[in-house]
Amino acid sequence: AAARPLDAAEEARLITAAPFLAGSSSAAAEFRARTLRLARSSAPVLVTGERGVGKPLAAEALHAFSARPARPLARLRCDHRAVDELAADLETALRLWGAQGDAGATLLLERACALPAGLQSRVLRLLDASAGAGAAVDGAARLRLICWARDDLEQRGADGQFRENLFQRLAI
């Protein structure tokens, strides 16, 4: 479904804060509207695309234009790291900003395609806990998850390299 077109004030604010979203084509306008619509949701988001298209910038725009821009944004890069180190950093982020503490935080998994299998199940449990009984009173998830990846996670799931159920939760 097409996203609602932005009014002039929304579009100006979005382009001022995220100039990489500028452009006059209908595709650029649709991308801006979709980014703003997704930012306003508390659902997990998966940002994909080829190298150089601005996945990290889009992920940051999703947080900046969300209902929780002043809340913590914990970045966790998933590639080129030892599994133990990544697991410890994930647990630290969850303790400080996750379901145990700061309701309304956002966890950004950078290069999510490199997330080890054991941690994929941990992230899936986190999504379930955040949206379940531990959810905030207003119904929003206590922890928002934004991921970006260059690889096709759906294909990686079909190949057994990424949990298909985690992909389904992210690809809303």
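It should be emphasised that the depicted structure is a prediction, and the values quoted were computed from it without experimental measurement.

In this structure, what is going on with the environment of Leu127? I would like to understand it.
Here Leu127 is to be found in helix α5 (residues 117-131). You can call Leu127 buried: its relative accessible area is 6%. Between the C-alpha atoms of Leu127 and Arg142, which are 15 residues apart in sequence, the distance is 9.4 Å. Residues within four places of Leu127 in sequence aside, it is in contact with Pro44, Leu145, Leu166, Arg169 and Leu170.

Even after reading the chapter, I still don't get helix α2 (residues 26-40), so can you show me in this structure?
Residues lying three or four places apart along an α-helix face the same way, a consequence of the helix completing one turn every 3.6 residues. Relative to the 21 Å expected for 15 residues at 1.5 Å per residue, α2 spans 21 Å between its end C-alpha atoms, a close match to the ideal helical length. Buried within α2 are the following residues: Ala28, Arg32, Ala33, Thr35, Leu36 and Ala39. Buried residues in α2, looked at end-on, bunch into an arc of 160°, giving them a common side. Opposite its buried face, α2 presents the exposed residues Ser26 and Ala27, each directed more than 90 degrees away.

Thresholds applied
- Residues numbered from 1 in each chain as written.
- Predicted model: local features only at pLDDT ≥ 70, side-chain atom pairs only at ≥ 80, totals over all residues.
- Heavy atoms only, no water.
- Helix = DSSP H or I, 4+ residues; strand = E, 2+ residues; numbered from the N terminus.
- Buried < 20%, exposed > 50% of the residue type's maximum accessible area, 1.4 Å probe, protein only.
- Contact = heavy atoms within 4.5 Å.
- Expected span 1.5 Å × (residues − 1).
- Arc of directions from axis to C-beta.

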